[in-house]
Amino acid sequence: PTALGIDREAALRGEIGLVHSMPPQDAEAYLAAMAKSARDLTPMSIDVRFVGGPTAQWTRIAATPRRLANGMVRWDGIGLDVTELTERTVALRESELRFRTLANNLPGVVFTFEVNLAAGTRRVTYLSDTFETKGSITLLQPDGTNELVAGVATTLQWQRFGNIPQAHVQYS
């Protein structure tokens, strides 16, 4: 068997398919994607896990179907190991969830603010969910930052965020 847990010779003889080394939910999703691709003759791309080898591996399978003269459908495709990418994506989502949980449990509002001095623009790029309930932000003004703080205040007072009310900004 290969790193995916599939015997190459058995697969080439048609005795075993890719789904034999996938968890049931991945096998079901893979077969559904293949069926849709065959029916519509459209390319497919799906990430699945293979668990039959020494370690689990995430693989991105991308294939383009074509109908043969005898009516059968053949896919030309590629399988790419995306295990590291998938693990990093999961870790990033978990980290973002931890950050949002922390930010939403602080007594104030967490925000990020960007200023483009060359273009003369400014914008808020993140506001914690507590902004909806708190509705105000206290900005500290270290020496020499009055213009930046004023820009933050103006942006927060006039920029709208969907159904979030306009901010009330207090200076300290």
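None of these values were measured; they are calculated from a predicted model.

Next up on the list: the sheet that holds strand S2 (residues 57-67). Pairing is antiparallel in the open sheet, where three strands are placed in the order S1-S2-S3. The two strands at the open ends of the sheet, each matched to only one other strand, are strand S1 (44-50) and strand S3 (73-81). Between one strand and the next, the sheet's axes are offset by a mean angle of 30 degrees, whatever the strand orientation. Of the pairings in the sheet, the one linking S2 to S3 comprises nine bridges and is antiparallel in character. Considered in S3, the bridge of Ala 62 is made with Ile 78. Lying over the sheet, helix H2 (residues 24-40) contacts S1, S2 and S3, oriented at roughly 160 degrees with respect to S1.

Bringing the nonpolar core into the picture now. Counting twelve residues, the largest nonpolar core consists of Leu 4, Ile 6, Met 22, Ala 27, Tyr 30, Met 34, Met 44, Ile 46, Val 48, Phe 50, Ile 61 and Ala 63. With four residues, the single largest contributor to this core is S1. Among residues more than four places away in sequence, those in contact with Ile 61 are Leu 18, Met 22, Tyr 30, Met 44, Ser 45, Ile 46, Val 48, Phe 50, Ile 78 and Gly 79.

For helix H3 (residues 83-104), built from 22 residues, the straight-helix expectation of 32 Å at 1.5 Å per residue is met to within 8% by its first-to-last C-alpha distance of 32 Å. Considered for burial, the residues of H3 that qualify are Thr 83, Thr 86 and Ala 103.

Roughly 330 Å³ of volume is contained in the largest pocket. Lining the largest pocket are 17 residues; nearest its centre among them are Leu 18, Tyr 30, Met 34, Ile 61 and Ala 63. The set of elements that each furnish at least two residues to the lining of the largest pocket consists of H2, S2 and S3. The leading source of residues in the lining of the largest pocket is S3, at five residues. For the lining of the largest pocket, the residue count by class is twelve nonpolar, four polar and one charged.

Looking now at the pairing of S1. Residues Met 44, Ile 46, Val 48 and Phe 50 point to one face of S1 and are all buried, whereas Ser 45, Asp 47 and Arg 49, pointing to the other face, are not buried. When S1 meets S2, the two strands line up antiparallel, connected through seven bridges. For Met 44, the partnering residue across the bridge sits in S2 and is Ala 63. Two successive antiparallel strands, S1 and S2, enclose a turn made up of six residues.

Rules behind the numbers
- Residues numbered from 1 in each chain as written.
- Predicted model: local features only at pLDDT ≥ 70, side-chain atom pairs only at ≥ 80, totals over all residues.
- Heavy atoms only, no water.
- Pairing = 2+ DSSP bridges.
- Helix = DSSP H or I, 4+ residues; strand = E, 2+ residues; numbered from the N terminus.
- Axes fitted to C-alpha atoms, helices over the stretch in contact; angles between N-to-C directions.
- Contact = heavy atoms within 4.5 Å.
- Core = buried A, V, L, I, M, F, W, Y, C linked by side-chain atoms within 4.5 Å.
- Buried < 20%, exposed > 50% of the residue type's maximum accessible area, 1.4 Å probe, protein only.
- Expected span 1.5 Å × (residues − 1).
- 1 Å grid on protein atoms, 1.4 Å probe; cavity = no way out; pocket = protein on both sides within 12 Å on 5 of 7 lines; lining within 4 Å.
- Points joined across faces, edges and corners; volume = space filled by probe spheres on them.
- Nonpolar A, V, L, I, M, F, W, Y, C, P; charged D, E, K, R; others polar.

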